[in-house]
Amino acid sequence: EAQVTQNPRYLITVTGKKLTVTCSQNMNHEYMSWYRQDPGLGLRQIYYSMNVEVTDKGDVPEGYKVSRKEKRNFPLILESPSPNQTSLYFCASSLFAGNTEAFFGQGTRLTVV
Amino acid sequence: GIQVEQSPPDLILQEGANSTLRCNFSDSVNNLQWFHQNPWGQLINLFYIPSGTKQNGRLSATTVATERYSLLYISSSQTTDSGVYFCAVDGTASKLTFGTGTRLQVTL
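Computed from a predicted structure; not experimentally measured. (Residues numbered from 1 in each chain as written. Chains lettered and ligands numbered in written order. Predicted model: local features only at pLDDT ≥ 70, side-chain atom pairs only at ≥ 80, totals over all residues. Heavy atoms only, no water.)

Caption draft 1: Region of interest: the overall build of chain A. Check the secondary structure of chain A and you find 0 helices and 11 strands. Order of helices (α) and strands (β) in chain A, N terminus to C terminus: β-β-β-β-β-β-β-β-β-β-β. A compact globule built from 113 residues would reach a C-alpha radius of gyration of about 13 Å, and chain A, at 13 Å, matches this within 12%. Along the longest, intermediate and shortest principal axes, the C-alpha atoms of chain A span 35 × 30 × 25 Å. Taking all contacts inside chain A whose residues are at least 6 apart in sequence as the whole, residues at least 24 apart take part in 53%. (Helix = DSSP H or I, 4+ residues; strand = E, 2+ residues; numbered from the N terminus. Rg over C-alpha atoms; globule rule 2.2 N^0.38 Å. Contact = heavy atoms within 4.5 Å.)

Caption draft 2: Fine view of the pattern of salt bridges. In the structure shown here, the tally under the stated rule is 7 salt bridges over all chains. Note that R44(A) and D38(A) form a salt bridge whose closest N and O atoms lie 2.9 Å from each other. Across the salt bridge formed by R68(B) and D27(B), the nearest N and O atoms sit 3.9 Å from each other. Residue R68(B) is found in the loop between β7 (59-64) and β8 (69-74), and its partner D27(B) is found in the loop between β3 (19-25) and β4 (31-37); the two are separated by 41 residues along the sequence. A relative accessible area of 34% means that R68(B) is categorised as partly exposed. Taken together, the salt bridges that share partners define one network made up of K18(A), K65(A) and E79(A). (Salt bridge = Lys/Arg side-chain N within 4 Å of Asp/Glu carboxyl O. Buried < 20%, exposed > 50% of the residue type's maximum accessible area, 1.4 Å probe, protein only.)

Caption draft 3: View of the packing of aromatic side chains. Tallied over the full model, the rule gives 9 aromatic pairs over all chains. Taken together, a centroid distance of 5.9 Å and an interplanar angle of 80 degrees make the contact between F104(A) and F98(B) edge-to-face. You can see F104(A) sitting in strand β10 (residues 103-104) and its partner F98(B) sitting in strand β10 (residues 97-98), one on each of two chains. Residue classification places F104(A) among the buried residues on the basis of a relative accessible area of 9%. By relative accessible area, F98(B) is classed as buried at 9%. By way of ring pairs, the aromatic residues Y35(A), F90(A), F104(A), F35(B), F86(B) and F98(B) are connected into one cluster. The residue whose ring lies beneath R22(B) is Y69(B), and the NZ or CZ to ring-centre distance is 4.2 Å. (Phe/Tyr/Trp six-rings, centres within 6.5 Å; stacked < 30°, edge-to-face > 60°. Lys NZ or Arg CZ within 6 Å of the ring centre and 35° of its normal.)

Caption draft 4: Structural detail: the environment of Q55(B). Residues and elements named next belong to chain B. Positionally, Q55 belongs in strand β6 (residues 52-56). Separated by 18 residues in sequence, Q55 and Y73 have C-alpha atoms that sit 9.2 Å apart. At a separation of 3.3 Å, a polar atom in the side chain of Q55 contacts the main-chain carbonyl oxygen of G57. (Polar contact = N/O pair within 3.5 Å; in protein donor to acceptor, adjacent residues only side chain to side chain.)

Caption draft 5: Region of the structure containing the interface of chain B and chain A. Every contact between the two is made by 18 residues of chain B and, on the other side, 21 residues of chain A. Between chain B and chain A the total buried area reaches about 1,600 Å² when both faces are included, carbon and sulfur atoms providing 51% of it. The largest per-residue losses of area from chain B upon contact with chain A belong to L43(B), S94(B) and K95(B), which jointly make up 27% of the total buried on that side. The closest approach of N and O atoms between D59(A) and K95(B), which form a salt bridge, is 2.5 Å. Applying the counting criterion to the chain B and chain A interface returns 7 residue pairs in polar contact (both at pLDDT 80 or more). For the side of chain B that touches chain A, the secondary-structure elements that each account for two or more residues are β4, β5 (43-48) and β9 (83-90) of chain B. Top element by residues in the side of chain B that touches chain A is β4(B). It accounts for 4 residues. (Buried area = accessible area lost by both parts, 1.4 Å probe.)

Pasting the structure below:
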């Protein structure tokens, strides 16, 4: 089944403890991205990747890192999480950037205390 | 950047009723998608529809790219249709810009 898989689905952590949210797609898509969803602010892009080893900042990249060493994986790294990073996170992939359909993972609900 | 407006913001329907959700966008786009966010937070793809009309069961969508709007039709609504419906567009080839959503509640 074609899908985007994120892990974990739910995570509660403490301020400053490094964490990684994994994202994997099995559709051989070149383009992958991360979004966060917050009440009143909607979905905003954090980082995106056009292809392996090519990443760039989205609208809200502060406090996040990403890497794209393999085509299928695009992990989101929070080196020192803070409470303002409490959010619902989505990974997405599409064949290319722009005029192709985007598919989203199931979401990761992160709480930083 | 591109602006996306959805209307109405909230909608309450009785089961079996029909509805039309609207999405207006401020510039030409390469991509337009409709999503349903269910009560568990998952974003479900409904339509990839940068132009034209598509149908999938009780749902259909029409995008008139030249007039910069898209419509999502839900017929014979069911309680499982409840949730938030998002329109998202890509005008810059690097990200989807989401509208603020239409929150739909279908009651028995």
